[in-house]
Amino acid sequence: FFNTLSLPNDGYSRHFKYLKQVIIPLPNIQYQNKIAQILDQAQRLIDKRKEQIALLDELIQSVFYDMFGDPVINDRAWNLEKLKNLGALKRGKSSHRPRNAPELLNGPYPLIQTGDIANAGLYLNDYTTTYSELGLKQSKLWSKGTLCITIAANIAKTTIITFDACFPDSVVAFLNKENIVNKMYIQIWMSFLQKIIEDGAPESAQKNINLKILGELDVILPPIELQNHFAEMVENIEKQKELLSKSLAELETNFNSLMQRAFRGELVAE
């Protein structure tokens, strides 16, 4: 079914002594067009699903604005309170750098880093690194549901862990006073200020902030009932995002399958 095309052996391609030996499958132009049409359609579905997920993220921030106003200028004149007075701020713990002590790794206890938090959404649902029993002894295991805030490298990024986990002192746990403040409210509030906090962070080898800087942040403080209602709305939006994310994963799997089938010549009869 496929013809083949070898790369030319001219002066330019001689610099690619391995690449020029590759045999490229070359179906007829009608089949090439069919492949392009099918893959373009599949890619459009993927792009649409990503757009829907992004719009839900924007919806959360829009709901926050509608309910609480601008959190930076406090145009609704809410009471202000220092973050340190709304809950406990506690740094993670790791007495040794894991990369210098491999015996601390590859056990049953999840270990998350600033990069994991920066790349997570509202919730962190998985992990790739773990501590051994020895690793746990020189660290601390935090309970699922803890709001994590980064204070080095990726500054003021947040997520809520969905499993018990250890983290180093570049990550801070915020344990909210539930009768005063909702941790989901704090997480979304901080997303508005993240860039401001990062830009104002002291810089040495890398930018970082400390507990004092974090604790002194002024939080706009609407009534807890309103915060809780907002958190419920966020949870509902997050459930929709989860469904769309699963659909996106299925679409991407289907796209990869179509790619493989197309270049095996299996779309001819379709």
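Residues numbered from 1 in each chain as written. Predicted model: local features only at pLDDT ≥ 70, side-chain atom pairs only at ≥ 80, totals over all residues. Heavy atoms only, no water.

Taken N-terminus to C-terminus, the directions of helix 4 (residues 183-199) and helix 6 (residues 224-262) make an angle of 75°; their axes are 8 Å apart at the nearest point. The angle between helix 4 and helix 6 falls in the class roughly perpendicular. Counting all contacts with helix 4, which are made through Met-184, Tyr-185 and Ile-188, the residues of helix 6 involved are Gln-227, Phe-230, Ala-231, Val-234 and Glu-235. Class assignment for the residues of the contact of helix 4 with helix 6 results in 6 nonpolar, 1 polar and 1 charged. (Axes fitted to C-alpha atoms, helices over the stretch in contact; angles between N-to-C directions. Helix = DSSP H or I, 4+ residues; strand = E, 2+ residues; numbered from the N terminus. Parallel < 35°, antiparallel > 145°, perpendicular 65-115°, else oblique. Contact = heavy atoms within 4.5 Å. Nonpolar A, V, L, I, M, F, W, Y, C, P; charged D, E, K, R; others polar.)

Here we have 5 strands laid out as an open sheet, ordered 4-10-8-9-6, and mixed in their pairing. Both outer strands of the open sheet, strand 4 (87-91) and strand 6 (123-124), are each paired with one neighbouring strand and no more. Note: strand 4 against strand 10 (residues 171-176), 5 bridges, orientation antiparallel. The residue bridging Arg-91 from the neighbouring strand is Val-172, located in strand 10. (Pairing = 2+ DSSP bridges.)

Next up on the list: the pattern of salt bridges. Under the counting rule described, the total for this entry stands at 7 salt bridges. Between Glu-216 and Lys-82 there is a salt bridge whose closest N-O contact spans 3.7 Å. On the criterion of sequence distance, the pair formed by Glu-216 in the loop between helix 5 (211-215) and strand 11 (218-220) and Lys-82 in strand 3 (residues 80-82) is long-range, its members being 134 residues apart. A salt bridge links Lys-82 to Asp-218, with the shortest nitrogen-to-oxygen separation between them at 3.0 Å. On the criterion of sequence distance, the pair formed by Lys-82 in strand 3 and Asp-218 in strand 11 is long-range, its members being 136 residues apart. (Salt bridge = Lys/Arg side-chain N within 4 Å of Asp/Glu carboxyl O.)

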